[in-house]
Structure formats: structure tokens, C-alpha cells
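# An overview of the molecular structure
Okay, here's what each chain looks like letter by letter:
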Amino acid sequence: MEEVGFRGFLGKRLIAKFGFAAGNAVQAAMFGLSHNVIGVYLSYGLIQAAGVFMITGIFGWIAGYITEKKAGGSIVPAWILHAIANIPVFTFLL
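Report on the accompanying structure. (Residues numbered from 1 in each chain as written. Predicted model: local features only at pLDDT ≥ 70, side-chain atom pairs only at ≥ 80, totals over all residues. Heavy atoms only, no water.)

For helix H4 (residues 46–70), which comprises 25 residues, the first-to-last C-alpha distance of 35 Å matches the rise-based estimate of 36 Å (1.5 Å per residue) to within 8%. Of the residues making up H4, those classed as buried are Ala49, Thr56, Gly57, Phe59, Gly60, Ala63, Gly64 and Thr67. Note on H4: the residue one or two positions beyond its end, Gly72, has a positive phi of about 60°. (Helix = DSSP H or I, 4+ residues; strand = E, 2+ residues; numbered from the N terminus. Expected span 1.5 Å × (residues − 1). Buried < 20%, exposed > 50% of the residue type's maximum accessible area, 1.4 Å probe, protein only.)

Moving on, we get to the environment of Val40. Positionally, Val40 belongs in helix H3 (residues 37–44). The exposure class assigned to Val40 is buried, which follows from its relative accessible area of 14%. Setting aside anything within four residues of it in sequence, one finds Val40 in contact with Gly45, Gln48, Ala49 and Val52. (Contact = heavy atoms within 4.5 Å.)

The geometry of helix H1 (residues 2–18) relative to helix H2 (residues 20–33) is characterised by a closest axis approach of 7 Å and an angle of 150° between their N-to-C directions. As H1 packs across H2, the resulting crossing turns out to be right-handed. Together, Glu2, Phe6, Arg7, Leu10, Gly11, Leu14, Ile15 and Phe18 of H1 and Phe20, Ala22, Gly23, Asn24, Val26, Gln27, Met30 and Phe31 of H2 make up the contact between the two elements. (Axes fitted to C-alpha atoms, helices over the stretch in contact; angles between N-to-C directions. Left-handed = near helix turned anticlockwise from the far one by under 90°.)

In this section: the packing of aromatic side chains. Per the counting criterion, the structure on display carries 5 aromatic pairs. Measuring from centroid to centroid gives 6.2 Å for Phe20 and Trp61, while their planes differ by 70°, and the two rings are edge-to-face. Of the two residues, Phe20 is situated in helix H2 and Trp61 in helix H4; the sequence distance between them amounts to 41 residues. Owing to a relative accessible area of 19%, Phe20 belongs among the buried residues under this scheme. Each ring, one from Phe20 and one from Tyr65, has its centre 6.3 Å from the other, and the planes form 65°; the classification is edge-to-face. Residue Phe20 is located in helix H2, and its partner Tyr65 is located in helix H4; the two are separated by 45 residues in the primary sequence. (Phe/Tyr/Trp six-rings, centres within 6.5 Å; stacked < 30°, edge-to-face > 60°.)

Turning to the nonpolar core, a few remarks are in order. Ranked by size, the top nonpolar core spans 5 residues in total: Phe6, Phe31, Phe59, Ala63 and Ala78. Sequence-distant contacts of Ala78, that is, excluding residues within four places in its chain, are made with Glu3, Ala63, Ile66 and Thr67. (Core = buried A, V, L, I, M, F, W, Y, C linked by side-chain atoms within 4.5 Å.)

Before going further, it helps to examine the pattern of salt bridges. For the coordinates displayed, the defined rule picks out 2 salt bridges. One salt bridge in this structure joins Arg7 and Glu3, with 2.8 Å as the shortest N-O distance. Here Glu3 and Arg7 lie together in helix H1, a separation of 4 residues that amounts to about one turn. Taken as a pair, Arg7 and Glu3 share a single burial class, namely buried. The partner of Glu68 in a salt bridge is Lys12, with the nearest N and O atoms 2.7 Å apart. (Salt bridge = Lys/Arg side-chain N within 4 Å of Asp/Glu carboxyl O.)

Written out as C-alpha cells, the structure reads:
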């Protein structure tokens, strides 16, 4: 559902309104913030929260780039990449 919401809905609208660079950056930042940055900050501190934001934000930017520039607007490649990226998270961190 994250790909549908962030790349399929939000990203497309932001990119249409503000252009690719700004629209993709905003959807990526919102994607990063959506990954419980406040919870990480409260539990582990500022450095860890910044790390979560940076990693997920960069991933969001890459997924937006793939969706818009490499896959003709399709979210399927980003969806597959997201599923693969979640494997180590759920295997080793949880």
C-alpha cells in the first residue's frame, strides 16, 4: 500500500504540480517521515531517528525515480524493490 499511496498517488500529483525534482523530493521526505521517525526518536534518540529518515527518504526518492523515469509511471518495479528491501528488515531487525 505504501507504493500506491506515495508513488502512485502522492508522488504523481506533486510531480505534476511542482515538477519531478521537487515533487519527488517531497514524496520521498514524507515517505521517510512516515516510517515512525518520532517513535524511533523517543525510543533510541536523534541519531537513530535521523538515520531511519535518511535511509527511508533515500529509498523513497529512488523508488520515485524508478517509477517516473524508468518504468513509465508503473509502480510495479518500485513495489518489487520495496518488497525485497523489507526482507532484511523483517529477518534481522524484528
